[in-house]
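Reading the structure
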Amino acid sequence: MNDMGLDMLSIKIRWSNIKKVAGIAILSLFLLAGSASADPPPSILEINGNEQTSGIGSYCWKVENETYSICADTIGIITPAEPLVTLSPFTAHLTLPLQESPEELGFSATRVTDDDELKEAVNKVRAWRFEGNIGDWHNLPLEREPDLNLSLEPGLYVLNVFVKWEEKGDVSYGFLVQVNDLEAEVTNNVSSGEKTAGFEVFVAIMALLLTITIRRNRRK
C-alpha cells in the first residue's frame, strides 16, 4: 500500500509539472504572437499645408522576421474623425510609409453623408460603409509620394487608398476631406467684410457726434 501510495503521489507530481510546463508554453506562444503581430504603419495626406494621418482598414501584412502574414477585415472604410478642409479643384500629396515603391496603388473618392457612417466606430476614427458607396477607381503612379489632382463638388468625401507592396503585403488607407463651396466662401467673406465696414462707419459717426458735442459744451 505504501509503494502504491508513493507511486500515485509521484504520478500526481509529474502531472502537475506537465500542466505547469504546458501552461508556460501556451503563455509563451501567446506572448510571441502578440509581439510578432503588428498593424501596417499609416500613410499621410497633405492638402494646402495641412496633414492628416490615415485610418487603417483591411490588410494582410507580413510579420517582421517571419514567413507568415496577419490579415484583418474591418467593418468599413476607416478614416480620422475630423476632415481636411479645402476648396475644389485641389491637389492632395500622399506619402506612403515604406521607402520601397508599391506594386499596386490606387484610390477612390466617395461622397458620404451621415447615413453612410457606421455607428460602431470608436477611438477618434469613423467608419463608412462599402456597399453602394464606392467612387470611381483611379490608378496612381507606383511611387512613394504621388499627387492626387481632384476636382470635386462641395461635400464630405472619403478617400480610400489601396496599396500593395510585394514584400510586405497590402492595406487600405482611409482619409476624410471636406470640400467647401467657393461661392459660399466668397459670400461669407463679403458678408464679413460688410459687417466690418458697417461697424467702422458706426464708430466714425459716433466719434464725430462726440466731437461736436464737446465743442458745443466748450462754447457755452
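Above this text sits the structure in question.
For the structure given in this document, a descriptive report is provided here. (Residues numbered from 1 in each chain as written. Predicted model: local features only at pLDDT ≥ 70, side-chain atom pairs only at ≥ 80, totals over all residues. Heavy atoms only, no water.)

Considerations on the overall build of the protein chain
Secondary structure assignment for the protein chain yields 2 helices and 14 strands. Taking all 220 residues of the protein chain together, the buried fraction comes to 30%. Looking at the protein chain alone, contacts between residues at least 24 apart form 73% of all its contacts between residues at least 6 apart. Put simply, the protein chain shows about 14,800 Å² of open surface, and 56% of that area lies on carbon and sulfur atoms. (Helix = DSSP H or I, 4+ residues; strand = E, 2+ residues; numbered from the N terminus. Buried < 20%, exposed > 50% of the residue type's maximum accessible area, 1.4 Å probe, protein only. Contact = heavy atoms within 4.5 Å. Areas by Shrake-Rupley, 256 points an atom, 1.4 Å probe, with all protein chains shown as cover.)

Some details on the state of the cysteines
Under the defined criterion, the tally for this structure stands at 1 disulfide. Put simply, cysteine 60 and cysteine 71 are joined by a disulfide, and their sulfur atoms are 2.0 Å apart. Its torsion about the S-S bond being 115°, the disulfide of cysteine 60 and cysteine 71 is classed as right-handed. Here cysteine 60, found in strand E3 (residues 55-62), pairs with cysteine 71, found in strand E4 (residues 69-72); they are 11 residues apart in sequence, far enough to count as distant. (Disulfide = S-S within 2.5 Å.)

Topic: the pattern of salt bridges
Counted under the stated rule, the structure contains 3 salt bridges. Where lysine 168 meets glutamate 64, a salt bridge forms, and the shortest distance between an N and an O atom there is 3.6 Å. Taken together, the residues lysine 168 in the loop between strand E13 (155-165) and strand E14 (169-180) and glutamate 64 in the loop between E3 and E4 connect sequence positions 104 residues apart. Here arginine 126 makes a salt bridge to glutamate 117, at a shortest N to O gap of 3.2 Å. (Salt bridge = Lys/Arg side-chain N within 4 Å of Asp/Glu carboxyl O.)

Thoughts on the pairing of strand E12 (residues 147-150)
Residues Leu148 and Leu150 line the buried face of E12, whereas the alternating positions Asp147 and Asn149 sit on a face that is not buried. Sheet topology places strand E7 (residues 90-95) next to E12; 4 bridges connect them, and they run antiparallel. Within the sheet, the bridge partner assigned to threonine 91 lies in E12 and is asparagine 149. (Pairing = 2+ DSSP bridges.)

Structural notes on the pairing of strand E2 (residues 50-53)
As paired elements, strand E1 (residues 44-47) and E2 share 4 bridges and run antiparallel to each other. Its bridge partner lying in E2, glutamate 46 is registered against glutamate 51. Counted along the chain from E1 to the antiparallel partner E2, the turn is 2 residues long, and its residue asparagine 48 has a positive phi close to 55°.

As for the environment of serine 101
Inspection of the secondary structure assignment puts serine 101 in the loop between E7 and strand E8 (104-112). Along the backbone, serine 101 and glutamate 143 are 42 residues apart, and their C-alpha atoms lie at a distance of 5.0 Å.

Considering the sheet that holds strand E10 (residues 125-128)
One open sheet holds the 3 strands; their spatial order is E5-E10-E9, and the pairing between them is antiparallel. This sheet does not close on itself; its edge strands, each paired only once, are strand E5 (77-80) and strand E9 (117-118). Where E9 meets E10, 2 bridges bridge the pair, whose relative direction is antiparallel. By the bridge assignment for E10, glutamate 117 is matched with tryptophan 128.

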